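Structural overview
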Amino acid sequence: MRRILLLTLVTTALSGLAASANELRDIALETFKPLPSTVPAVPGNPATPEKVDLGKALFFDPRLSASGVFSCYSCHNLTTGGDDNMETSVGHGWQKGPRNSPTVLNAVLNEAQFWDGRADDLAAQAKGPVQASVEMANTPENAVATLKSMPQYVEWFAAAFPGEEEALSFDNMAKAIEVFEATLITPAPFDAWLNGDDSALNEEQLAGLQLFMDKGCSSCHSGVNVGGHGYYPFGLIEKPGAEVLPPDDKGRFAVTETVDDEYVFRAAPLRNIALTAPYFHSGKVWDLSVAVDIMAESQLGEELKPEETAQIVAFLGSLTGTVPSVTLPVLPAETSTTPHPTT
Ligand code: HEM
Ligand code: HEM
């Protein structure tokens, strides 16, 4: 009899737990979305194996930069979280750029690209770094001339953009890079949990998720990329000091020239955040716990208890996903007509 009673008690307690786990999942699914199980389609830019392979070659090719030194991969290293783990990136002529490099992993799912959202999609985005003076410092003409000088690239562009008269163009370079980047999605334990696997998150991570929603983090960091859409003042409640928010980078103000947009930035996407220190557009914060505490104070006016910070950090760890394996491409060799690198 006592055994039956005990069993009933345990079963009731377990079903209570399951009910609350399910409740938490239902609430979470109103705010977040699991990653798609297949590579997302890019509107107006259908993927083919030829285009993805070409995009991969271009992503790794340092000859897209004027100096022949910097490729996309230099600042978006796929083996270290899709960024460069530096405060701000170093580019052409070893210049230190103004901002921290965000990850390219899952970037296809951001509604707008860059810390200030100034590019709408990855194809628009990819043309930026090739020309940016502190990144690759090239011109579209020189990039195209470089690619055209290598017959293998001419063939690859023709296969990736069949039937196009001008298959090898700057626009198509960006489109190919975009479809390659779209393959860089990283399913994480949080996705498994959202999809119904109770064991994918531990107690601490579940408590962190609950806090992340209850405290209001998820009012800005939501959706499939846990951020990556929506713009907010960095310092909505309390402006962080200049050591975190340098006064000269006014964020979206440079895009819209509206006073209301001073120090407004895109709510950062938080997938793989545990891999992408240092944090914020300034790259001034190296510790994720410190970044979480700064967010709580600056965006919500909250001081978190140390155990709350630890729980939120544990939840953020559940956003670290599996990076797809990428085989290094073998790039076409230069020819006598390939423009020489410049410094
Ligand atoms: C931003 C891709 C080259 C440094 C981005 C973003 C993407 C990207 C997708 C936006 C991510 C987001 O907003 O979440 C590429 C591609 C490149 C390339 C395809 C090659 C064509 C480089 C290089 C550097 C660099 C060579 C460093 C010298 C940065 C920085 C940002 C950024 C600092 C943030 C800029 C800002 O928000 O103003 N890149 N990148 N990228 N990338 Fe790259
Ligand atoms: C950036 C977490 C609340 C808007 C970040 C970053 C983290 C984070 C870790 C750094 C991302 C990176 O470096 O890649 C959190 C947590 C929150 C919270 C744990 C709750 C305690 C909010 C809220 C808002 C917001 C409520 C909007 C009102 C932003 C913005 C950025 C950001 C705009 C980019 C800041 C920059 O320009 O560097 N968040 N966040 N966050 N978050 Fe939050």
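Coordinates for the structure precede this section.
Within every chain, residues take consecutive numbers counted from 1 along the sequence as written. Note on labels: chains are lettered from A, ligands numbered from 1, in written order. Given that this is a predicted model, residues contribute local features only at a pLDDT of at least 70 and side-chain atom pairs are listed and counted only at 80 or more, while totals for whole chains, interfaces and linings are drawn from all residues. Note that water and hydrogens are dropped before the side-chain values are worked out from all heavy atoms of the structure.

1. A look at the coordination of the iron atom of ligand 2
For clarity, the threshold we go by: Each metal's donors are the N, O and S atoms within 2.8 Å of it, or within 3.2 Å when it is Na, K or Ca, and because water is not part of the set, sites may look incomplete. In these descriptions, tetrahedral denotes four donors with every angle between 85 and 135 degrees, square planar four donors and octahedral six donors with opposite donors over 155 degrees apart and the rest between 65 and 115, and irregular any other case. For the purposes of this entry, the term helix denotes a DSSP run of H or I that reaches at least four residues, the term strand denotes a run of E that reaches at least two, and both are numbered from the N terminus. Here the term buried applies to any residue with accessible area under 20% of the maximum for its type, exposed to any over 50%, and partly exposed to those in between, with areas from a 1.4 Å probe on protein chains only.
Coordination of the iron atom of ligand 2 by the protein involves His221 (NE2) and Met295 (SD), with metal-donor separations of 2.1 to 2.2 Å. The coordination sphere of the iron atom of ligand 2 comprises six donor atoms, whose angles at the metal cover 88 to 179 degrees; the geometry is octahedral. Residue His221 is found in the loop between helix H9 (203-214) and strand E3 (231-233), and its partner Met295 is found in helix H11 (residues 288-300); the two are separated by 74 residues along the sequence. On the basis of relative accessible area, Met295 is assigned to the partly exposed category, the value being 23%.

2. Focus on the pattern of salt bridges
Heads up, the rule is: Counted as salt bridges are all cases of a side-chain nitrogen of Lys or Arg within 4 Å of a carboxyl oxygen of Asp or Glu.
This model, assessed by the stated rule, comprises 13 salt bridges. A salt bridge links Lys127 to Asp171; the nearest nitrogen and oxygen atoms lie 2.8 Å apart. Of the two residues, Lys127 is situated in helix H4 (residues 122-131) and Asp171 in helix H7 (residues 170-182); the sequence distance between them amounts to 44 residues. A residue is classified by how much of its surface remains accessible, and Lys127, at 26% relative accessible area, is partly exposed. For the salt bridge of Glu166 with Lys148, the shortest nitrogen-to-oxygen distance reads 3.1 Å. In this pair, Glu166 sits in the loop between helix H6 (151-160) and H7 while Lys148 sits in helix H5 (residues 140-148), placing the two residues 18 residues apart along the sequence.

3. Some details on the packing of aromatic side chains
What counts here: Only Phe, Tyr and Trp rings take part, Trp by its six-membered ring, and two of them pair if their centres are within 6.5 Å. Stacked means planes under 30 degrees apart, edge-to-face means over 60, and tilted covers everything else. A positively charged side chain is recorded as over a ring if its NZ (Lys) or CZ (Arg) lies within 6 Å of the ring centre. The angle to the ring normal must also be within 35 degrees.
As enumerated under the stated definition, the model contains 13 aromatic pairs in all. Summarising the aromatic geometry, the rings of Phe60 and Tyr73 are spaced 4.6 Å apart at their centres and angled 35 degrees between planes, so their arrangement reads as tilted. Of the two residues, Phe60 is situated in helix H2 (residues 49-60) and Tyr73 in helix H3 (residues 72-75); the sequence distance between them amounts to 13 residues. With 4.9 Å between their ring centres and 40 degrees between their planes, Phe234 and Phe280 make a pair best called tilted. Here Phe280 lies in the loop between strand E4 (264-266) and H11 and Phe234 lies in the loop between E3 and helix H10 (253-256), a separation of 46 residues in the sequence. There is no split in this pair, since Phe234 and Phe280 are both buried. When the ring centre of Phe114 is taken as reference, the NZ or CZ atom of Arg118 above it lies at 3.8 Å.

4. Things to note about the site of ligand 2
Spelled out, the test is: Each residue is tested against the molecule or strand, and it is near if at least one of its non-hydrogen atoms lies within 4 Å. Distance and chemistry together define a polar contact, namely a pair of N or O atoms within 3.5 Å, with one atom able to donate a hydrogen and the other to accept it when in protein, and with adjacent residues in sequence counting only for side-chain atoms on both sides. Gly counts as polar in this scheme, as do all residues outside two lists: the nonpolar Ala, Val, Leu, Ile, Met, Phe, Trp, Tyr, Cys and Pro, and the charged Asp, Glu, Lys and Arg.
What surrounds ligand 2 is a group of 25 residues, the closest being Cys217, Cys220, His221, His281 and Met295. His221 has a polar side-chain atom sitting 2.9 Å from a nitrogen atom of ligand 2. Elements that contribute at least two residues to the shell around ligand 2 include exactly E4 and H11. Of all the elements, H11 adds the most residues to the shell around ligand 2, at six residues. Split by residue class, the shell around ligand 2 holds 20 nonpolar, four polar and one charged.

5. Here's the deal with the side chain of Asp84
For the record, the criterion: The convention is simple: Lys and Arg are positive, Asp and Glu are negative, and His and the chain ends are not counted.
Secondary-structure assignment places Asp84 in the loop between H3 and strand E1 (90-91). An unpaired buried charge is present at Asp84: no salt bridge exists, and Lys96, the closest side chain of opposite charge, is 9.8 Å distant. A polar contact is formed between the side chain of Asp84 and the side chain of Ser89, at a distance of 2.7 Å.

These figures come from the coordinates and say nothing about function on their own.
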